[in-house]
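# Inside the fold
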Amino acid sequence: MRTAVLAVIGAISLVAYGCGGGGGNSSGNGATSQVPGQPDSSGQTEDAYGNGHPITLSTMNEDNLETESEVVRIVNEHRVSLGKNALISTQGLAEVARAHSMHMTIHSFFAHQNPEGDSPGQRILKGGILWSIAGENLAAGFSTPEAAFVAWMNSPGHKDNIERDDWVFTGVGIWKESTSEYGTYYTQNFCRP
């Protein structure tokens, strides 16, 4: 039987554009002057890491899209019940989140920092999204959005992220792979411009 896991990174603040966004990993690789996902002088963007793993990932998989939308609906229903703003789901944040969920599945890890060394804030920037504050919730091994949400709400850090007043935007990305360690991986990104 598979076990389920959670991971949370609370709000991280951007001190200076491109600084890496904090999250415990403030040193960038310094190897390039271009922030991946941001246009360079020729107008081109970097869409993948050097190993080919995408920074953003779109999907036409209706089942995954429905699951992602259900997570956003459940989170917003809870926030509104507390008198808080409903979060605006954006395709950009969802594509960054989905790429991270797929990355965790393919490379058999479960963490906010990817093997390339990027924190959630760095991945969001590389996805072309500017932010002043950002955060992320992760879950894996839960068969339904409701189960993932209940687990998040039973964890103080995850609950704080879901209920945080600072957020304006969210994006949820899931990846399902029956042969992977946890089966279904959930990433929910939060940010404020």
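Throughout this description, residue numbers start from 1 for each chain and increase along the sequence as written. Per-residue local features are limited, in this predicted model, to residues with pLDDT of at least 70; the limit for side-chain atom pairs, both in listing and counting, is 80 or more; totals at the level of whole chains, interfaces and linings are taken over all residues. In computing side-chain values, all of the structure's heavy atoms are included and hydrogens and water are not.

The next subject is the overall build of the chain. Scanning the chain for helices and strands turns up five helices and five strands. For the purposes of this entry, the term helix denotes a DSSP run of H or I that reaches at least four residues, the term strand denotes a run of E that reaches at least two, and both are numbered from the N terminus. Ordering the α and β elements of the chain from the N terminus gives β-α-β-α-α-β-α-α-β-β. Remark: exposure states derive from per-residue accessible area (1.4 Å probe, protein chains only) relative to the maximum for the residue type, with buried under 20%, exposed over 50%, and partly exposed in between. For the chain, the residues scored as buried account for 48% of the 193 residues in total. Counting contacts in the chain only where the partners sit at least 6 residues apart, residues at least 24 apart contribute 74% of the total. When the accessible surface of the chain is split by element, carbon and sulfur atoms take 52% of a total near 8,900 Å². Two residues qualify as a contact provided that any one of their heavy atoms is within 4.5 Å of a heavy atom in the partner residue. Accessible surface is estimated by sampling points in the Shrake-Rupley manner with a 1.4 Å probe; for residues, cover comes only from the protein chains shown.

Tracing the backbone shows Arg79 in helix α1 (residues 62–81). Arg79 sits in the buried class, given a relative accessible area of 0%. Between the C-alpha atom of Arg79 and that of Arg164, which follows or precedes it by 85 residues, the distance is 8.9 Å. If near-sequence neighbours (up to four positions away) are discounted, Arg79 is found in contact with Lys84, Asn85, Leu87, Ile162, Glu163, Arg164 and Trp167.

Our focus in this paragraph is the pairing of strand β3 (residues 133–140). The buried fraction of β3 amounts to eight of the eight residues, a majority that puts the element mostly inside the structure. Covered by surrounding structure in β3 are Ile133, Gly135, Asn137 and Ala139 together with Ala134, Glu136, Leu138 and Ala140, the residues of both alternating faces. Bridge count for β3 against strand β5 (residues 184–192) is eight bridges, and the pairing is antiparallel. When the bridges of β5 are listed, Ile133 appears paired with Arg192. Here, a strand pair is defined by DSSP locating no fewer than two bridges between the strands.

Only buried residues count toward a nonpolar core, which is a set of Ala, Val, Leu, Ile, Met, Phe, Trp, Tyr and Cys residues joined through side-chain atoms within 4.5 Å. Formed by 19 residues in total, the largest nonpolar core has its most connected members in Ile162 and Tyr186. Mapped by element, the contributors of at least two residues to this core are α1, β3, α4 (145–153), β4 (169–176) and β5. Take this core: its biggest share by element is five residues, from α4. In terms of nonpolar packing, the next biggest core, distinct from the first, is built from eight residues, Val96, Leu125, Ile129 and Ala134 among them.

Among the structural elements, Thr184 can be located in strand β5. Here Thr184 falls in the buried class, since its relative accessible area comes to 12%. Separated by 83 residues in sequence, Thr184 and Ser101 have C-alpha atoms that sit 8.5 Å apart. With near-sequence residues (within four places) excluded, Thr184 lies in contact with Ala139, Ala140, Gly141, Phe142, Trp175 and Lys176.

Attention shifts here to the environment of His107. Secondary-structure assignment places His107 in helix α2 (residues 91–107). Expressed as a C-alpha distance, the spacing of His107 and Ser180, which sit 73 residues apart in the sequence, is 9.5 Å.

Turning our eyes to something else, we now look at the confidence of the model for the chain. Per-residue confidence from the predictor is reported as pLDDT, which spans 0 to 100. When pLDDT is averaged across the chain, the result is 80; 76% of the residues are at 70 or more. The low-confidence segment residues 13–45, where pLDDT is below 50, has 54 contacts with residues more than four positions distant or belonging to other chains.

Okay, the packing of aromatic side chains next. Within 6.5 Å between ring centres, the rings of Phe, Tyr and Trp (the latter by its six-membered ring) count as paired, and their orientation is classed by plane angle as stacked under 30 degrees, edge-to-face over 60, tilted in between. The final tally for this structure, using the stated rule, is three aromatic pairs. Taken together, Phe110, Tyr182 and Tyr185 form an aromatic cluster joined through their ring pairs.

In this section: the side chain of Gln188. With respect to the element layout, Gln188 can be found in strand β5. Here Gln188 falls in the buried class, since its relative accessible area comes to 0%. Residues adjacent in sequence count toward polar contacts only when both atoms are side-chain atoms; beyond that, a polar contact is any pair of N or O atoms within 3.5 Å, and within protein one must be able to donate a hydrogen and the other to accept it. One polar contact links Gln188 to Thr170, side chain to side chain, over a distance of 2.9 Å. Gln188 has contacts with Val71, Val75, Gly135, Glu136, Asn137, Trp152, Thr170, Gly171 and Val172, leaving out every residue within four places of it along the chain.

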